[in-house]
Each structure stands twice: as structure tokens, then as C-alpha cells.
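Letter by letter, the chains look like this.
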Amino acid sequence: MAATGTPTARAGEPFDPPDVQWWSPSPRLAAARRLTACGPLFVLAVAAGVFAAVLDTGWLWTAAAVLVMATVWAWWVIGRQVRSWGYAEREEDLLVRHGLMWRTVVVVPYGRMQFVDVYAGVVDRMFGLAKVQLHTASARSDAYIPGLGPQEAARLRDRLASRGEARLAGL
């Protein structure tokens, strides 16, 4: 199972409800996002450095240094962003949280779910990851959980779909 449990550290806060065990996405999500964000920045930094050396242009050295700093900053931020993601299955609903500066907790009642998708793009498949997308009647309440292993994504999809069907049958 790709998800790892992290106990609630600050129970009672609006972003950490009491008696909730949060599950985190795979650390491979950070590697995938770093590849797509930091990879191009690093390539541009190297190109700027090479052109600066060949053309003997000072402003290209500055550009290369700025790109290196942007790469380091993006590497750090992506790691923190990935660690901010979490999800928790409760009896009546699913909680999804994320965000560093603007923290968000989405509560999706099982009875409001219309369907659940599993998605994996090219980079996701390279890293053995998938994303579970929850669809509800409200466009604002759609939530997703990135960075799950394919088996965990399939398990979560099936579990959420069956819980949603059970809650809809009771209406």
C-alpha cells in the first residue's frame, strides 16, 4: 500500500478534526513533481551557464544563478506541498486536506459522490502513481487525492464507490 498513516498532531483545529487518522500520498509524488518542475529549470540554468561561458556575457551568469536558486526553491517547496496532502475515511464522509499557505480541508459525504475516477498521466505512470478524482453534483466540491499507488487508488475507488452507493440507496 503506497499510503502511509500519519497521526493527527493538533487534534481539534479546523484542519485537524479530532479522532481522524490521516493517510499521506506516496513520497514518489514529490519525485514526479520535482522532475516536471525542477528538471526544466535546471536545464535552463545549465544552458545559461554554457552560453555565459562561451559568449563571455555577465548577465547570463546572473540568469544562471537565478535559475539555480529557483530550482533549489522549487525543490524545497514541492517537498513541503506533497507532505501537506492527506486524506481520511470516516464513517459518513471522506476528508481531503492540502495546502501550505492556504490550507484547505474538503469534506465529501459519501452520499453526495456521483462517481470516482482513477487517473494516471505519463509522469504518474513512470513513478507508479495514480490520482483518485471524486465527482459530486457541485462543481466546487470536487476533490482529488494525488500520489497513490495504483493498487491503493483502485482500492480507494472501489471503497468510495461502494460507500457512495450504500448511502444513495438509503435516501
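Preceding block: the structure.
Not measured: the values here are computed from a predicted model.

(A) Broad picture of the overall build of the protein. For the protein, the count of helices and strands is four helices and eight strands. Listing the helices and strands of the protein from first to last along the sequence gives β-β-α-α-β-β-β-β-α-β-β-α. Within the protein, the fraction of its 171 residues that count as buried is 38%. Pairs at least 24 residues apart make up 49% of the contacts formed inside the protein by residues separated by at least 6 positions. Entry remark: accessible area of the protein is about 10,000 Å², with carbon and sulfur atoms responsible for 63%.

(B) Geometry of the pattern of salt bridges. If you walk through the whole model with that rule in mind, you get five salt bridges. A salt bridge links Asp158 to Arg157, with the nearest nitrogen and oxygen atoms 3.0 Å apart. Note on Asp158: relative accessible area 44%, which makes it partly exposed. Taken together, the salt bridges that share partners define one network made up of Glu89, Glu152, Arg155 and Arg159.

(C) Looking closely at the packing of helix H1 (residues 28-55) against helix H2 (residues 58-84). Between H1 and H2, whose axes approach to 8 Å, the crossing angle comes to 170 degrees. The orientation of H1 with respect to H2, classified from their angle, is roughly antiparallel.

(D) Region of the structure containing the environment of Lys131. Within the element layout of this structure, Lys131 appears in strand E7 (residues 130-136). Using a relative accessible area of 22% as the deciding quantity, one classes Lys131 as partly exposed. The spacing of Lys131 and Tyr119 is 12 residues in sequence and 5.0 Å in space, taken between C-alpha atoms. Setting aside its immediate chain neighbours within four residues, Lys131 contacts Asp117, Val118, Tyr119, Tyr144, Ile145 and Pro146.

(E) Molecular detail of the nonpolar core. Core analysis: the biggest nonpolar cluster contains 18 residues, and Leu94, Val132, Leu134 and Leu160 have the highest contact counts within it. Of all hydrophobic cores here, the second largest spans eight residues; its members include Leu29, Ala30, Ala32 and Cys38.

(F) Seen up close, H1. Along its 28 residues, H1 runs 39 Å from first to last C-alpha, staying within 8% of the 40 Å computed at 1.5 Å per residue. The principal kink in H1, of about 35 degrees, is found at Leu35. Of the surrounding secondary structure, the elements contacted by the buried residues of H1 are H2, helix H3 (122-126) and strand E8 (143-148). Backbone geometry just downstream of H1 places Asp56 in the positive-phi region, at approximately 55 degrees.

(G) Structural view of the layout of surface pockets. Here the second largest pocket is characterised by a volume of approximately 240 Å³. Forming the boundary of the second largest pocket are Arg33, Trp76, Val77, Arg80, Gln81, Ser84, Trp85, His98, Gly99, Leu100, Met101 and Trp102. No other element matches the five residues that H2 contributes to the lining of the second largest pocket. Split by residue class, the lining of the second largest pocket holds six nonpolar, four polar and two charged.

(H) Layout of a nonpolar patch on the surface. Residues Phe42, Val46, Val50, Phe51, Val54 and Leu55 make up a contiguous nonpolar surface patch of about 610 Å² in total accessible area. Structurally, the position occupied by Val54 is in helix H1. Residue classification places Val54 among the exposed positions, given a relative accessible area of 63%.

Conventions we followed
- Residues numbered from 1 in each chain as written.
- Predicted model: local features only at pLDDT ≥ 70, side-chain atom pairs only at ≥ 80, totals over all residues.
- Heavy atoms only, no water.
- Helix = DSSP H or I, 4+ residues; strand = E, 2+ residues; numbered from the N terminus.
- Buried < 20%, exposed > 50% of the residue type's maximum accessible area, 1.4 Å probe, protein only.
- Contact = heavy atoms within 4.5 Å.
- Areas by Shrake-Rupley, 256 points an atom, 1.4 Å probe, with all protein chains shown as cover.
- Salt bridge = Lys/Arg side-chain N within 4 Å of Asp/Glu carboxyl O.
- Axes fitted to C-alpha atoms, helices over the stretch in contact; angles between N-to-C directions.
- Parallel < 35°, antiparallel > 145°, perpendicular 65-115°, else oblique.
- Core = buried A, V, L, I, M, F, W, Y, C linked by side-chain atoms within 4.5 Å.
- Expected span 1.5 Å × (residues − 1).
- Bend = angle between axes of the 7 residues up to and from the residue.
- 1 Å grid on protein atoms, 1.4 Å probe; cavity = no way out; pocket = protein on both sides within 12 Å on 5 of 7 lines; lining within 4 Å.
- Points joined across faces, edges and corners; volume = space filled by probe spheres on them.
- Nonpolar A, V, L, I, M, F, W, Y, C, P; charged D, E, K, R; others polar.
- Patch = residues over 30% accessible without salt bridge, like charges linked within 9 Å, V, L, I, M, F, W, Y side chains within 5 Å.

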